[in-house]
Amino acid sequence: MSTFEFTILIAIGSLVAGMIGALTGLGGGVVIVPLLTLAFGVDIRYAIGASLVSVIATSSGAAAAYLKEGFSNMRVGMFLEIATTIGAITGAYLAASTPTSAIAIIFGVVLLYSAYSANKPPKDLLTDEPPDRYATLLKFDGSYPADGGEKSYRVRHVPAGFGLMYVAGVLSGLLGIGSGAVKVLAMDQAMRIPFKVSTTTSNFMIGVTAAASAGIYLHRGYIDPGIAMPVMLGVLAGALIGARILPGAKVRTLRLVFSVVIAALAFQMIFKGVKGSF
Amino acid sequence: MAQSQAWGDKRFEVMMGRLLRFGVIFAAAWVLAGGIHYLTQSGAAKPDYKAFHGEPGGLRYPRKIIREAIRLDARGLIQLGLLLLIATPVARVAFSVIGFALEKDWMYVGITLIVLALLVYSLSSS
């Protein structure tokens, strides 16, 4: 296979990944690393570098659409960014000393969790409890437009959310993914933020988190232009197409099918990681 | 909470969104141009990514990447586009400092500056 064919094939694979990622809400990043390592035999370090770059592209590319809706909570996002960026820097440093087979196994486990969590219907866990001390101090409580006017919400369990966000950052830095599933866990489950707000806020955070580890990956020589180029362009184009056809798509079936594919990739990553062939 | 603040917030956010989209489109176009240059030059070669070698020093640090791009090295050009892409969320955080300062929310100016410092640390450390 020549470099030309290799590049075109990776671009096509990334385009499909980006499109399905946007349609299912799972993000294209989660399948880029398995695609590059399992199908193209690329070293996992190059794969993670390319995936990180594509995560930034989709996050920043989607932000314009999200921001117009005006649901994101900038204060919550910025405060939690402290946790995710410190986590991302930790994860990027850890990546250098963690054996690649261990990274493959952790990757598989996170993939399984993402596939599982994407199929749970979003449910708002709003509460009438008294305001959270930290949330009040940090001016987190807000409102968002819903049918019948503004709907206000209160943010809970700030320390737990902050801790989970650190974990999301570490995973993002270690694996080169957006860690959307863990971010949603922190914001929806722990902090009780309505999912319309948490999804858009997490999209903004994913790009900043990925940028924090991308710098370190760049210095370490993990970001190869020859691989990152087709991955970034493919995922970005796929995500834009996906967002465009989203309104008419049968998302539930697609999400289920994609989850099965992800689970299969996850088992293969874990299996190869345990065998030590990464 | 004053209505005007929420409005200012939103207008600022829409502007941020446009900035980010512009950054991404610009970076993608740059990477595509570099990619075409790269493929016309070395498209026939055999790809070698099975074993990890790490990038040469010229493709690892912002200043050196710019130098490579100026000499129109194909891989350097792509890398500069990727660097521009990495810079878009950083720019957004930097602009958020201004946004919070316009609202005179000094606590959040501080919080945003911490995030910005972490990002700058990551991009400039070696």
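Note that the coordinates shown come from a computational prediction; the quantities given were computed from them, not determined experimentally.

What follows is about the interface of chain B and chain A. Across the contact, 65 residues belong to chain B and 62 residues belong to chain A. Linking chain B with chain A are four salt bridges, by the criterion used here. Across the pair Arg75(A) and Glu103(B) runs a salt bridge, and its minimum N-O distance is 2.8 Å. In this assembly, chain B and chain A are joined by 20 residue pairs in polar contact (both at pLDDT 80 or more). Mapped by element, the contributors of at least two residues to the side of chain B that touches chain A are helix H1 (3-42), helix H2 (62-70), helix H3 (74-102) and helix H4 (106-124) of chain B.

Our next topic: the side chain of Ser2(A). With respect to the helices and strands, Ser2(A) occurs in the segment before helix H1 (3-24). Take Ser2(A): its relative accessible area is 17%, and that puts it in the buried class. Residues in contact with Ser2(A), not counting those within four places in the same chain, are Gly43(B), Ala44(B), Ala45(B) and Pro47(B).

Let us look at the confidence of the model for chain A. Chain-level pLDDT for chain A is 88 on average; 95% of the residues reach the 70-or-more range. Across chain A, the secondary-structure element scoring lowest on mean pLDDT is strand E1 (residues 142-146) of chain A, at 79, and the one scoring highest is helix H7 (residues 158-175) of chain A, at 95.

Let's shift gears to a nonpolar patch on the surface. Together, Met1(A), Phe4(A), Ile8(A), Leu9(A), Ile12(A) and Val16(A) make up a nonpolar patch on the protein surface, roughly 530 Å² of accessible area in all. The residue Val16(A) is located in helix H1 in this model.

What follows is about empty space enclosed by the protein. Scanning the model with the defined rule gives two cavities of 30 Å³ or more in all. Taken as a whole, the second largest cavity encloses approximately 40 Å³ of empty space. Taken together, Ser59(A), Ser60(A), Phe204(A), Gly207(A), Val208(A), Leu20(B), Pro89(B) and Arg92(B) form the lining of the second largest cavity. When residues in the lining of the second largest cavity are grouped by element, the largest group, three residues, is from helix H9 (residues 195-220) of chain A. Looking at the lining of the second largest cavity residue by residue, the class counts come to four nonpolar, three polar and one charged.

Cut-offs and rules
- Residues numbered from 1 in each chain as written.
- Chains lettered and ligands numbered in written order.
- Predicted model: local features only at pLDDT ≥ 70, side-chain atom pairs only at ≥ 80, totals over all residues.
- Heavy atoms only, no water.
- Contact = heavy atoms within 4.5 Å.
- Salt bridge = Lys/Arg side-chain N within 4 Å of Asp/Glu carboxyl O.
- Polar contact = N/O pair within 3.5 Å; in protein donor to acceptor, adjacent residues only side chain to side chain.
- Helix = DSSP H or I, 4+ residues; strand = E, 2+ residues; numbered from the N terminus.
- Buried < 20%, exposed > 50% of the residue type's maximum accessible area, 1.4 Å probe, protein only.
- pLDDT = per-residue confidence, 0-100.
- Patch = residues over 30% accessible without salt bridge, like charges linked within 9 Å, V, L, I, M, F, W, Y side chains within 5 Å.
- Areas by Shrake-Rupley, 256 points an atom, 1.4 Å probe, with all protein chains shown as cover.
- 1 Å grid on protein atoms, 1.4 Å probe; cavity = no way out; pocket = protein on both sides within 12 Å on 5 of 7 lines; lining within 4 Å.
- Points joined across faces, edges and corners; volume = space filled by probe spheres on them.
- Nonpolar A, V, L, I, M, F, W, Y, C, P; charged D, E, K, R; others polar.

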